[in-house]
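# Results of the structural survey
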Amino acid sequence: MMTITLDRPSQSTAPLVEVKNLKHVYGNGGGGAGLLVLDDVNLTLRPNEIVGLLGRSGSGKSTLLRSIAGLITPTSGSVTVSDMPGDDTARGVSMVFQSFALFPWLTVQKNVELGLEAQGVPADIRRKRTLAAIDLIGLDGFENAYPKELSGGMRQRVGLARALVVQPSILLMDEPFSALDVLTAETLRTDLLDLWSEGRMPIRSILIVTHNIEEAVLMCDRILVFSSNPGRVIAEIKVDLPQPRNRLEPAFRALVDDIYARMTARPTGPVARDGNFPGTGLGMALTHVSTNTLAGMIEAITAAPNSGAADLATLARELQMEADELLPIAETLQLMRFAEIEGRTIRLTPAAKRYDAADVDQRKQLFAQHLLAYVPLAAHIRRVLDDRASHQAPATRFRDELEDFMSEPYAEETMDAIVSWGRYAEIFAYHEDDDRFSLDDPA
Amino acid sequence: MVFLSSDRLNTGLLARFARRELAPNRYDLIALVLIGAVAVLVVHGAQQMNLPVSALHTQPVVLDPARLPEYALRSTLRMFAAIFASLTFTFVVATIAAKSHKAELVIVPMLDIAQSIPIMAFLAFTLTFFIGLFPKSEFGAELAAIFLIFTSQAWNMAFSFYQSLRTLPGDLVEVSQQFHLSPWQRFWKLELPFATPALVWNTMMSMSGGWFFVVASEYFTVGATKVSLPGIGSWLAIAIERRDFVSVSWAVGAVAVVIVLYDQLVFRPIVAWADKFRFEQTASENQPESWFFDLLRRTRVFKRLGRPFRGLLAALPRSRPRARPASRAPDPALLRWMDRAWIALVAVAGIWAVWTIFRYLSANLRLSDLLLAFGLGFLTLARVVVLIIIATLIWVPIGVWIGMRPVWSQRIQPVAQFLAAFPANVIFPFAVMGIVAWRLDPNIWLSPLIILGTQWYILFNVVAGASALPNDLKEAAGIFHLRSWQRWRDFILPGIFPYYVTGALTASGGSWNASVVAEVVSWGHTKLQAAGLGAFIAKATDAGDFPRVALGATVMSIFVIAMNRSVWRPMYAYAEKNLRLN
């Protein structure tokens, strides 16, 4: 728990939010299986804490946040939002959006006033409270500006002021800093933490969604780590480091590395070698990672100081990537047996070392061998093309096959991946105009 | 008139339009049939009312230049009444379509068909209906004129508003839900502002297209019913009857003045104002300008005048925050069942409509009439196609030349927009005089009239497209010394194609409408005629021969819709898929 004790109106520990056995399925209206995004999620948010929801894309953390905000009705399970006991002025929830979600045709002041106006607060009180919130968040002088005149950082300050002015007891933040550049994001985080620790905001508790591990460790008292497809809570980590926290401190680093390891940990079972890709065989859902990125990653791990093996967290820092950018690349390499992931270490296979040393054509040949050997869909398409006299096949055929195993967006992404890898490996050609595969090669 | 989007606006609107299904689906068919059936019923009812000959006591129009300003004002007021009606229609119908899935199933294809229907062909129906509503008074005729203008404007506006409502930015919708904005607040804070740029552009284009119908709607004859409403259109018609060359010239001048005033005092200020609502987080480089708008913004009086309205807006009803929405979505099986029931209901209405039309037409027409109408339809089609091709060959090179030179395009663009708004039917008498004087063949020489007013859509869209060609591509084309043909084939033509298609689609739709007034023209007692479906409809309207008007209008609708579906939509889809520059 946070070590700085704060002067807050109530020291009650009755939960503000309780989520029980939450389950959410997208897109089962058509009678199909639907996509399970959240599975049996439990969460308790108490007063005076900042809780982080950390996970990769597809882990349903934004869905959870929106269920708490009342924007989504979950398929099953319960969400209870309570106010602080007694006559606390803070009430309900408010939200800050990744995209800022400002109305471009309203001035800063009008944007901030929006929630108050919806509540029917009289104009003079509205104005007073709005100006106070603008003042608190450091936007003085920008009252009459339109969002398009502001920088990203200032826009998110407007988003924050708008959320605070309605005096919520719980502030929900959906990746609030991920659309900002590194410096701006850092400033905003620090400002927010200062306001929080000084108790100047009306809020009693913050729930923040992020995919940035360092951000979570920097800000949160408690972190819930989510698995993806479907989203489940796989770990709950208490952060006991004192505020303000220092990224360079060994304890901080250790915690970040530990979370990295937990996020790369994959479910036990015989499919472990296929990485975190859901499904097996033809039904394996692929992530579209560019072959340039794959090659670049192999080169980065080969190069000094890594020489063939690297710590994922360190590598991410070196390459300035977020966990959810790095992990799909690492897992694709693992899928094609160019790398092994053990705990938080990624180690290149001998094949990857050969790949690194090879010239362009040899690289393509090596990639083609691995693609055909380890990605069943690639081998399947190639076999069909070989068998047919015309050496051609419509892509819809394979797309339909995929949709027997997975939902449409996943099938789409998998097709994109296989088209791009197949083109690079020159094992088949794809014609966008009439959506078909063929064996013919322009060379 | 078709659903348009300005080059400055998000061309994505167009994209969404293009992406919709290419092949007519069953709803298109049902929509078409329902519209037809209603028309038939209207005429049937009106015929039974037995309109008295010259029942209307309208004040005769006097060809006195001193009265011309008054007539111009009357015409303009009709235009504004129609645009007001169109806006009301837009807000109601498009909102219903966006909010209710069941209504959407019927309304959207209806709008789509309605905006491709050549409404000049339906003149007889609308006129009869309104005069039937208010017999013996000028009011019915006024309403008929306004309704005709309305039908030329409303559909693309409603379509644009509907599209905007369906594509509200998700995060802003979430903010509105999260703060529990009432539907009323949501409309004012989110939906209307977001829809404004596209709606304003479509409204302004609708008004530009509307002048043609203002002129056409004021003076007409359907069988024994003759209508002459005070306005420029009537002035022009009377001048033509009397072979009064000077008065025709006066009318041309008056229309020009009206349109310049409309352009400067209405069109440009509103487009400049609407720029503020563009859904972009960055300021636009190329902001529309208007001296009149700037002037208004600077005056104190105007701001004072605006203040009460602001107070009114602020006092719009508010609602108390509601409890968290706890309702779960209804059972999907039940929803599907209800959808099916609704579709069945619509289908029954469709069958009834087919039966009504069939009974009406079979009682009054023979198969030979149908064949004749289709044959004439192909003649008019040939005219439209040939003229679009000629206009393309002329205006594409000129438009590209202008568009590549920013100084020129800034000067020419307003002129082209002015010419597109100018009702070409005002110029017709001069062409007729020429044809009569040189004894030319009307079958050929009347043809250019149908594209006289609409060719400008091709010009100003191509100019817009050419000026939007990205600079880096221009430089790349320069560095690699592309030969002139290669430059056109690989760079310029693909770059302007999406714009060209917009212009050509509008031009072709407008040309079908124009054919109804351009294939039969007169000068005093001299009457020139070209063989075609437009002339067929015009003659039947004149004679009050409703079955043939219905036949002609239906056949023309089929031609236009078929052309839209088989030529323009696929071209849009292709441009959208392959030729987007951003």
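Rules used throughout
- Residues numbered from 1 in each chain as written.
- Chains lettered and ligands numbered in written order.
- Predicted model: local features only at pLDDT ≥ 70, side-chain atom pairs only at ≥ 80, totals over all residues.
- Helix = DSSP H or I, 4+ residues; strand = E, 2+ residues; numbered from the N terminus.
- Buried ≥ 20, exposed ≤ 12 C-beta atoms within 10 Å, placed from the backbone.
- Contact = placed C-beta atoms within 7 Å.
- Expected span 1.5 Å × (residues − 1).
- Bend = angle between axes of the 7 residues up to and from the residue.
- Pairing = 2+ DSSP bridges.
- Axes fitted to C-alpha atoms, helices over the stretch in contact; angles between N-to-C directions.
- pLDDT = per-residue confidence, 0-100.
- Right-handed = clockwise from strand over helix to strand, strands pointing away.
- Parallel < 35°, antiparallel > 145°, perpendicular 65-115°, else oblique.
- Left-handed = near helix turned anticlockwise from the far one by under 90°.

### Description of the overall build of chain B
Summing up its helical and strand segments, chain B has 23 helices and four strands in all. Burial analysis of chain B (582 residues in total) assigns 47% to the buried set. Intrachain contacts of chain B at a sequence separation of at least 6 include 81% that bridge at least 24 residues.

### Some remarks on helix H10 (residues 245-274) of chain B
For H10 of chain B, which comprises 30 residues, the first-to-last C-alpha distance of 42 Å matches the rise-based estimate of 44 Å (1.5 Å per residue) to within 8%. Of all bends in H10 of chain B, the biggest is about 40°, found at Asp263 of chain B.

### What to know about the pairing of strand S12 (residues 345-348) of chain A
Residues and elements named next belong to chain A. Residues Ile346 and Leu348 point to one face of S12 and are all buried, whereas Thr345 and Arg347, pointing to the other face, are not buried. In this structure, strand S10 (residues 309-311) lies alongside S12, joined through three bridges in antiparallel fashion. Along S12, the bridge assignment pairs Ala309 with Arg347. Bridge count for strand S11 (residues 339-342) against S12 is four bridges, and the pairing is antiparallel. Its bridge partner lying in S12, Glu340 is registered against Arg347. Adjacent in sequence and paired antiparallel, S11 and S12 are bridged by two residues, among which Gly343 carries a positive phi angle near 55°.

### Remarks on the sheet that holds strand S13 (residues 392-394) of chain A
All names here are of chain A. Taken in spatial order, the three strands make up an open sheet running S13-S15-S14, and their pairing is antiparallel. Taken across any chain shown, the strands that pair with only one partner, and hence form the sheet edges, are S13 and strand S14 (429-431). On average, each strand axis in the sheet is inclined to that of its neighbour by 25°, with strand direction left out of account. The sheet contact formed by S13 and strand S15 (residues 436-438) spans three bridges and is antiparallel.

### A look at the confidence of the model for chain B
Residue and element names in this part refer to chain B. Taken over all residues, the pLDDT of chain B has a mean of 78, while the share at 70 or more is 80%. Taken element by element, chain B is modelled with least confidence in helix H1 (residues 12-19), mean pLDDT 40, and with most confidence in helix H14 (residues 367-403), mean pLDDT 91. Note that pLDDT drops below 50 for residues 1-24; the model gives that stretch 60 contacts with residues more than four away or on any other chain. Predicted confidence is poor over residues 49-56, with pLDDT under 50, and the contacts of this stretch with residues over four places away or in other chains come to 13 contacts. Confidence metrics for the complex model read pTM 0.75 and ipTM 0.72.

### Re the sheet that holds S11 of chain A
Residue and element names in this part refer to chain A. Taken in spatial order, the three strands of this open sheet run S10-S12-S11, and their pairing is antiparallel. With one partner strand each, in any of the chains shown, S10 and S11 form the two edges of the open sheet. With direction set aside, neighbouring strand axes in the sheet form an average angle of 20°. Strands S11 and S12 of the sheet are contacted by helix H10 (residues 323-335), whose axis makes an angle of about 120° with S11.

### Digging into the confidence of the model for chain A
Of the residues in chain A, 90% have a pLDDT of 70 or more, and the chain-wide mean is 83. Predicted confidence for residues 1-10 of chain A stays below pLDDT 50, and this span has 21 contacts to residues more than four positions away or in other chains.

### Focus: the pairing of strand S7 (residues 205-210) of chain A
Residues and elements named next belong to chain A. For S7, the buried fraction is high: six of the six residues fall into the buried class. Of the two faces of S7, the one lined by Ser205, Leu207 and Val209 and the one lined by Ile206, Ile208 and Thr210 are each fully buried. In this sheet, S7 lies alongside strand S3 (residues 50-54) in parallel orientation, the contact comprising five bridges. Counted as the bridge partner of Leu54 is Thr210 from S7. The pairing of strand S6 (residues 170-174) with S7 spans five bridges and is parallel. If you follow Met173 over to S7, its bridge partner there is Ile208. A crossover connection joins S6 to the parallel S7 through helix H5 (residues 182-197); in handedness this β-α-β unit is right-handed.

### Digging into the packing of helix H3 (residues 123-136) of chain A against helix H4 (residues 152-165) of chain A
Residues and elements named next belong to chain A. Viewed as axis vectors pointing N to C, H3 and H4 meet at an angle of 135°, and their least axial separation amounts to 9 Å. Here H3 lies oblique to H4, going by the angle between them. In this structure, the crossing between H3 and H4 has a hand that is right-handed. In this structure, H3 contributes Arg129, Thr130, Ala133 and Ile134 to the contact, and H4 contributes Ala161, Leu164 and Val165.

### A look at helix H15 (residues 406-421) of chain B
Residues and elements named next belong to chain B. The end-to-end C-alpha separation of H15 is 23 Å, in line with the 22 Å expected for 16 residues at 1.5 Å each. Within H15, the axis deviates most sharply at Ile412, by approximately 30°, and proline Pro414 lies no more than four positions further along. Buried within H15 are the following residues: Ala416, Gln417, Ala420 and Ala421. Among the structural elements, helix H8 (183-217), H10 and helix H19 (455-467) are those in contact with the buried residues of H15.

### Concerning the environment of Arg363 of chain A
All names here are of chain A. Residue placement: Arg363 occurs in helix H12 (residues 360-374). Residue classification places Arg363 among the partly exposed residues on the basis of 19 C-beta atoms within 10 Å. Taking the C-alpha atoms as reference points, Arg363 and Tyr424, separated by 61 residues in sequence, lie 9.8 Å from one another. When sequence neighbours within four positions are dropped, the list of residues in contact with Arg363 reads Tyr355 and Ala358.

### Focus on the environment of Phe179 of chain B
All names here are of chain B. Note that Phe179 resides in the loop between helix H7 (170-178) and H8. The exposure class of Phe179 is buried, given the 22 C-beta atoms found within 10 Å. Residues Phe179 and Lys102 lie 77 residues apart in sequence; the distance between their C-alpha atoms is 28 Å.

### Thoughts on unusual backbone geometry
Following Gln243 of chain A, the chain continues into Pro244 of chain A via a peptide bond in cis, with omega recorded as -5°. By the secondary structure assignment, Pro244 of chain A is in the loop between strand S9 (232-238) and helix H7 (250-264). Backbone geometry places Asp435 of chain A, a non-glycine residue, at a positive phi of 55°. Relative to the elements of secondary structure, Asp435 of chain A occurs in the loop between S14 and S15. Look at Asp435 of chain A and you get exposed, because 12 C-beta atoms sit within 10 Å. In the Ramachandran plot, His180 of chain B falls in the positive-phi region, its phi being about 55° despite a non-glycine side chain. Judged by the 20 C-beta atoms lying within 10 Å of it, His180 of chain B is buried.

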